Amino acid sequence: MMSSGIVKKTGLMAVLMLLVIIPFTNASMAENNTAVPNDNQIEQSNVIQAFNGNISTTYIVRGDTISFYGTVLNYGDLNATILSFNAEFIHLEGNNRFNRHYSVGIDADHRNLGPRESFTGTLRDEITNPESTYNVSVYFVVEDVYDADTEFGAPAWNFTAAENIIVTVIDITSPSGIILGVGVTFVVIVVIVVIIILYGWLKERSAKRKH
């Protein structure tokens, strides 16, 4: 059976390694997890507004299903039509091949936005972007009846609920994903070692009390 001295030395080495690794892992994750929602932004129309746009997380593992939220408000006296709710991922370094557009259509029973009514949309989709960092916008497409100046009817505009949300996508099969997995595994091992040390210490104290 392993002596308590060896267990303590092993635990001390594991804790020291953890203290060395964790700062680098945390620094890499923290610098890419800043969200700057653009709340209460008024778009093309003076009477239709989109706001409270958000995303369920800004650190995404590729293939995960993520939720987007937003609200659009019609405070005029006409009926407007909501066509879709969308999230746009734009690659921060300008590689357009990495860009992705996610969208959900609004069903016929809910797409009418009456006078002084609001609608809160939810979009859930699997994120397929390549591993990188993106600027994300969340917006509604609405037919703006207050700008119907042409014979073709009301034009459809994008009404932004949030923009400049900085999102990081990782791939667990990539080097960074593997490093993250190794880090998590190491933390679990350290926790187990600490539990063994505490158990041995408590057992020794209990034995000494009996004597």
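In the block above lies the structure referred to throughout.
This report concerns the structure included in the present document. This structure is a prediction, so every number in the text was calculated from the model and none was measured.

## Some points on the packing of aromatic side chains
- According to the stated counting rule, one finds five aromatic pairs in the structure shown.
- Look at Phe89 and Tyr102: their rings are 5.3 Å apart centre to centre, the planes differ by 75°, and that puts the pair in the edge-to-face class. One end of the pair, Phe89, is in strand S4 (residues 80-91); the other, Tyr102, is in strand S5 (residues 100-105), with 13 residues separating them in the sequence. The pair formed by Phe89 and Tyr102 is uniform in burial state, with each residue classed as buried.
- Ring centres of Phe119 and Phe140 lie 6.4 Å apart, and the angle between their planes is 75°; this geometry places the pair in the edge-to-face category. Within this pair, whereas Phe119 is found in strand S7 (residues 117-126), its partner Phe140 is found in strand S8 (residues 132-143), the two being separated by 21 residues in sequence.

## A word on a nonpolar patch on the surface
- Together, Val187, Val191 and Ile195 make up an exposed nonpolar region whose accessible area comes to about 240 Å².
- Given the relative accessible area of 33%, Val187 is considered partly exposed.

## So, the sheet that holds S7
- The strand order across the open sheet formed by three strands is S1-S3-S7, and the pairing between neighbours is antiparallel. Each end of this open sheet is capped by a strand with a single partner; those strands are strand S1 (48-55) and S7. Averaged over all pairs of adjacent strands, the angle between strand axes in this sheet comes to 20°, irrespective of strand direction.
- Judged from the six bridges that link them, S1 and strand S3 (residues 65-74) form a sheet pairing that is antiparallel.

## Examining the pattern of salt bridges
- Inspection of every chain in the model, using the stated rule, returns one salt bridge.
- The residue Asp171 makes a salt bridge to Arg62 at a minimum N-O spacing of 3.8 Å. Highlighted residues: Asp171 in the loop between strand S9 (156-170) and helix H2 (175-210) and Arg62 in the loop between strand S2 (59-61) and S3, separated in sequence by 109 residues.
- According to the relative accessible area criterion, Asp171 is buried, its value standing at 19%.

Here is what the cut-offs are and how they apply
- Residues numbered from 1 in each chain as written.
- Predicted model: local features only at pLDDT ≥ 70, side-chain atom pairs only at ≥ 80, totals over all residues.
- Heavy atoms only, no water.
- Phe/Tyr/Trp six-rings, centres within 6.5 Å; stacked < 30°, edge-to-face > 60°.
- Helix = DSSP H or I, 4+ residues; strand = E, 2+ residues; numbered from the N terminus.
- Buried < 20%, exposed > 50% of the residue type's maximum accessible area, 1.4 Å probe, protein only.
- Patch = residues over 30% accessible without salt bridge, like charges linked within 9 Å, V, L, I, M, F, W, Y side chains within 5 Å.
- Areas by Shrake-Rupley, 256 points an atom, 1.4 Å probe, with all protein chains shown as cover.
- Salt bridge = Lys/Arg side-chain N within 4 Å of Asp/Glu carboxyl O.
- Pairing = 2+ DSSP bridges.
- Axes fitted to C-alpha atoms, helices over the stretch in contact; angles between N-to-C directions.

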